[in-house]
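# Architecture and fold: a report
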Number of protein chains: 2
Amino acid sequence: MDSPFILRWGIMGTGNIAKTFTKDLLLSQKWQSDRTISHVVTAVASSSSMEKTRHFVNELRLSSACTNYDSYKFMVADPKVDVVYVATPHSHHFQHVMLALESGKHVLCEKPLTVNAYQARTLCEEARKRNLFLMEAMWTRFLPITSDVLEKIRRGQIGEVLRVVVDTSFGDDVEKTWGTQHRMLNRDLAGGALLDLGIYSLTWIFLCLYHALPESLRQAPSGIAAQMTLNHLTGADEASSILLTFPTSAPNDVPEWKSQAVALTNLRVSTDPDGKNSAGPAIRIQGTKGEIQLDGPSFRPERYRVISRCDGAEGQDIESVKVVDYPVPSEAKGMYWEADEVGRCLRDGKIQSQSLPWEEIIAVLEVMDEARRQGGLIYPEAIENASYSSY
Amino acid sequence: MDSPFILRWGIMGTGNIAKTFTKDLLLSQKWQSDRTISHVVTAVASSSSMEKTRHFVNELRLSSACTNYDSYKFMVADPKVDVVYVATPHSHHFQHVMLALESGKHVLCEKPLTVNAYQARTLCEEARKRNLFLMEAMWTRFLPITSDVLEKIRRGQIGEVLRVVVDTSFGDDVEKTWGTQHRMLNRDLAGGALLDLGIYSLTWIFLCLYHALPESLRQAPSGIAAQMTLNHLTGADEASSILLTFPTSAPNDVPEWKSQAVALTNLRVSTDPDGKNSAGPAIRIQGTKGEIQLDGPSFRPERYRVISRCDGAEGQDIESVKVVDYPVPSEAKGMYWEADEVGRCLRDGKIQSQSLPWEEIIAVLEVMDEARRQGGLIYPEAIENASYSSY
């Protein structure tokens, strides 16, 4: 066997998501992920304190070859780092990705890539100019279950997909769980349900009604209608609902048909109130010949069902439901698949992943921009602009 | 026992819905419906042919005391008729209800009461002026399961209801099943998914987020956003999705909270593709303490589930799902409950039902008006106006 392609990671930020991702990186070889790629963490940085970095490195038992930083600026300059994983708050993604790109590093940045589409376009231009890899860490797209479902749509197994309904909702006692300063509700940190959770609902909608199509047929939604419930204390959205009309359907055997979609997110009521999936699927992909449903959470589904359409009495004896399981090992979150994709792209000299092209990242952000505009969710100018030096 | 209140019905129209309703009228005494009311069909009218009327009367084995008409005008003048049941196409409801009211008859009219809110207001004013009973035949509101669910919401069993999602969709091969002339898709007959099926989705939303509240707290939606897919041959909607924000939540223990709702309807993809409810509930009523779900079809649910919120590991052993069945006898559709309500109202001298007040009928129609405006569904002026003599 050829020796694997070694990818050297610099971790920017030491919060929960950074921990989860890094754990998964280390598990990549253990599980069924891509054995042609090998991940090494060569640097970790907290922006504020070496103490935080050391704690992170010790907790995850990273090797002594890993350099600790208390500055992002110095970490991104480390020649032992190939790719920077940005795990800072949404509000800071633009600045931090730009910092990494300007130091000549490839970047994987937590979702959403930026606060708005304009910032994302600016970053993609910069990455193209510098010939550097850039991707949003929308890990859900790289789960094996996701590819399998997409393949079924493309093959027309449920006919023409004409509606997709996705819900990504936590039933929190908002004030008690998050308070007003946490990034979940703090507008200064680009807080709110849409950017944090709703993006998964939109991701599934784009996967089914945009990404499932050949590139030449992919079209952004022709209609976007959104309503938001803004938290009465912070003004961030605690509930967002978005209706979308796509000018296409997938697999597009009937070119004149359109599709509709509903993207839901809510902090106060839950997709899954009893934590056992009793309430039903989080994702319904509805086609003319049947339906694919995925149990939630939408960001990491582990089971799907294909429900075939049965018309009339003669269909009654046919088993109409097929269940397929894709368990993720319980010690992992399931982020190593996206990390492997980064490795493959870098190995093959690609600056964007075909599973999540820049155009699509931007298209999803454009929907969120419009939803926020209609819903009245405004962030401070300092985090909306694309002025690198301003922050 | 006192002798029952006898209600003498004139049936206007001899199509499928008239047959279904009349059968249920005759079954009323047999099943668990209100035994203080007795229904008699004293007249049946087709507008075009005595043949159709005779066929109807024979097929349903109506008594010989029933008079046959080939004219609505003469039927509504029949002194043996107390209340007229209008079962003609939506497009003609305004004219036919007005005809009955002008003859001094009480009216139960198939849903939607009229094509738009303006026509409905005009009819309600006429009924009030003449002191005549008028109600839309939204039979779903009078099912025992519906009262039970509403009572649970009012008692706060699932906490504050913050989102309601309802889908009423048939997966038809539209062109083959309906063609372009059928009222389902014919704009001249006020065709389209919204007025025919979507009204049930809206009904459940209004039940939960409007009707469940005390009258003084009921408020029409503060936000309405709709998207429609118009049939490329007729221009009637084959798919409609509506987002609603209500300025209240129910039972309204937290007055500053708002609720959101999603009303869906679709002719090409189905709520229930295999006809076994495998795809999950048609109605999700989501509260802060749990959820009530109803299996479809939304117009006649026969089962609901209460899913209680379980947080954390200690909840895992608690049975979180409670199932309640309300089977409707298979020979009936379940419309006798609404017929009994008409009887009780007339017996008690009421001109509107508190279970479906005029204000609420109009509020639902106003949502449909706005949805059609946003979705670009326009009906011919002749069926939109409220000029009685014009038709």
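Residues numbered from 1 in each chain as written. Chains lettered and ligands numbered in written order. Predicted model: local features only at pLDDT ≥ 70, side-chain atom pairs only at ≥ 80, totals over all residues. Heavy atoms only, no water.

An unreviewed UniProt entry annotates chain A as D-xylose 1-dehydrogenase (NADP(+), D-xylono-1,5-lactone-forming) originating from Talaromyces atroroseus. Here is the UniProt Catalytic activity (unreviewed entry) comment for chain A, exactly as written: "D-xylose + NADP(+) = D-xylono-1,5-lactone + NADPH + H(+)". Regarding chain A, the UniProt comment filed under Sequence similarities (unreviewed entry) reads as follows: "Belongs to the Gfo/Idh/MocA family." (UniProt positions renumbered as here; feature names shortened; annotations may be inferred.)

## Quick look at the pairing of strand β2 (residues 37-45) of chain A
Residues and elements named next belong to chain A. Most of β2 sits out of view: eight of its nine residues are buried. Bridge analysis of strand β1 (residues 5-12) against β2 gives eight bridges, and the strand direction is parallel. Bridging across to β2, Ile11 finds its partner in Val44. In this sheet, strand β3 (residues 67-69) lies alongside β2 in parallel orientation, the contact comprising three bridges. Pairing of Ala45 across the sheet is with Tyr69, part of β3. Since β2 and β3 lie parallel, the crossover through helix α2 (residues 50-59) that links them has a hand, and here it is right-handed. (Buried < 20%, exposed > 50% of the residue type's maximum accessible area, 1.4 Å probe, protein only. Helix = DSSP H or I, 4+ residues; strand = E, 2+ residues; numbered from the N terminus. Pairing = 2+ DSSP bridges. Right-handed = clockwise from strand over helix to strand, strands pointing away.)

## As for the domain arrangement of chain A
Residues and elements named next belong to chain A. In terms of domain boundaries, chain A breaks down into domain 1 (5-139 + 335-353) and domain 2 (144-325). A C-alpha centroid distance of 27 Å is found between domain 1 and domain 2. Taken together, the contacts link 11 residues of domain 1 with 12 residues of domain 2. Roughly 1,000 Å² is buried in total at the junction of domain 1 and domain 2, and carbon and sulfur atoms are behind 73% of that figure. When the area that domain 1 buries against domain 2 is broken down by residue, the three leading residues are His90, Met138 and Trp139, summing to 47%. Seen at the junction of domain 1 and domain 2, the total is zero salt bridges. Taken together, the connections running from domain 1 to domain 2 amount to three residue pairs in polar contact (both at pLDDT 80 or more). Per-class residue counts for the side of domain 1 that touches domain 2 are six nonpolar, three polar and two charged. (Domains from an automatic or database assignment. Contact = heavy atoms within 4.5 Å. Buried area = accessible area lost by both parts, 1.4 Å probe. Salt bridge = Lys/Arg side-chain N within 4 Å of Asp/Glu carboxyl O. Polar contact = N/O pair within 3.5 Å; in protein donor to acceptor, adjacent residues only side chain to side chain. Nonpolar A, V, L, I, M, F, W, Y, C, P; charged D, E, K, R; others polar.)

## Quick word on the interface of chain A and chain B
Taken residue by residue, the interface counts 56 residues in chain A and 56 residues in chain B. Between chain A and chain B the total buried area reaches about 4,200 Å² when both faces are included, carbon and sulfur atoms providing 48% of it. Where chain A packs against chain B, one counts two salt bridges. Between Arg163 of chain B and Asp167 of chain A there is a salt bridge whose closest N-O contact spans 2.8 Å. Inspection of the region where chain A meets chain B yields 30 residue pairs in polar contact (both at pLDDT 80 or more). Of all elements in the fold, only β7 (161-169), β8 (223-230), β9 (237-246), β10 (259-266), β11 (283-287), β12 (290-294) and β13 (303-308) of chain A reach the threshold of two or more residues within the side of chain A that touches chain B. For the side of chain A that touches chain B, a count of residues per class yields 21 nonpolar, 23 polar and 12 charged.

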